[in-house]
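For reference, the chains in residue letters:
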Amino acid sequence: MPATLREGGAPDAAAVAALLTASRRSAYAGLVPDAALAADSSQQLLWELRLSADYGPPADTPTLLLAEDPDGTLAGFAYLVPDGAVVRLEQLHVRPDRTGAGLGTRLLHAALARHPHRPVRLDVLAANRRAIRFYERHGARRVGRGAAHFPDGTVLAEYEYGWR
């Protein structure tokens, strides 16, 4: 049975933080120094704050989309943040043992469908060729360059991608 998509909230913070940490350690292995990934340890508190904050009007409120397996296990998530005229796809992660099965595609399409009339943007590490191929396969185009800053002070090149 395929994963079910639903909106998430504050009660999902711990599961989201755990999946994000596992996904980043897997996807960024060899791309990001181990020290930078190890310093990324406050994810649960960050997600509790993000998911319980009052952002005001619905148009300004971030959206957390979850993909859950039939047993309730979190298999993936997407997190969208309105940012002026655009929407930022801040996070799109699938549990490492579930990559390559189409779940990321389902989450991405659901995320893009949430904002059909606003441009969607995301940042991806320049060295993360797998993610770049994934986003380009789904119609994203490179629109800029920047830098990713990690908690330990590591700075790595990244690209901005977008739709519409």
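What you see is a predicted model; the values in this text were computed from it and never measured.

Criteria and cut-off values
Residues numbered from 1 in each chain as written. Predicted model: local features only at pLDDT ≥ 70, side-chain atom pairs only at ≥ 80, totals over all residues. Heavy atoms only, no water. Salt bridge = Lys/Arg side-chain N within 4 Å of Asp/Glu carboxyl O. Helix = DSSP H or I, 4+ residues; strand = E, 2+ residues; numbered from the N terminus. Phe/Tyr/Trp six-rings, centres within 6.5 Å; stacked < 30°, edge-to-face > 60°. Buried < 20%, exposed > 50% of the residue type's maximum accessible area, 1.4 Å probe, protein only. Lys NZ or Arg CZ within 6 Å of the ring centre and 35° of its normal. Contact = heavy atoms within 4.5 Å. Core = buried A, V, L, I, M, F, W, Y, C linked by side-chain atoms within 4.5 Å.

Let's shift gears to the pattern of salt bridges. By the definition in use, this model includes nine salt bridges. The salt bridge involving Asp123 is made with Arg88; its shortest N-O contact spans 2.8 Å. Of the two residues, Asp123 sits in strand 5 (residues 120-125) while Arg88 sits in strand 4 (residues 86-94), which places them 35 residues apart along the sequence. Among the ionic pairs, Asp97 bridges to Arg95, the shortest N-O distance being 2.7 Å. Each of Asp69, Arg95, Asp97 and Arg98 takes part in salt bridges that share partners, so that together they form one network.

Moving on, we come to the packing of aromatic side chains. One pass over the structure, following the stated rule, counts four aromatic pairs. Note on Tyr135 and Trp163: the rings are 6.1 Å apart at their centroids and 80 degrees apart in plane angle, and the pair reads as edge-to-face. Taken as a pair, Tyr135 in helix 5 (residues 129-137) and Trp163 in strand 7 (residues 155-163) lie far apart in primary sequence, 28 residues in all. Both residues of the pair, Tyr135 and Trp163, belong to the buried class. Just above the ring of Trp47 sits the side chain of Arg50; from NZ or CZ to the centre is 4.6 Å.

Attention shifts here to the environment of Val81. Within the fold, Val81 resides in strand 3 (residues 74-83). Between the alpha carbons of Val81 and Ala59 there is a distance of 9.6 Å; along the sequence they are 22 residues apart. Not counting residues up to four positions away in its chain, the partners in contact with Val81 are Pro62, Val86, Val87, Arg88 and Glu90.

In terms of nonpolar packing, the biggest core is built from 27 residues, with Leu89, Leu92, Leu108, Tyr135 and Trp163 touching the most fellow members. Put simply, the parts of the chain that give this core at least two residues each are strand 2 (63-68), strand 3, strand 4, helix 4 (103-114), strand 5, helix 5 and strand 7. Ranked by the residues each element gives to this core, the list is headed by helix 4, at five residues. The residues contacting Trp163, other than those within four sequence positions of it, are Leu108, Leu112, Pro119, Val120, Arg121, Leu122, Tyr135, His138, Gly139 and Ala140. If you look at the next biggest cluster of nonpolar residues, it comprises 12 residues, including Leu20, Leu51, Leu66 and Tyr79.

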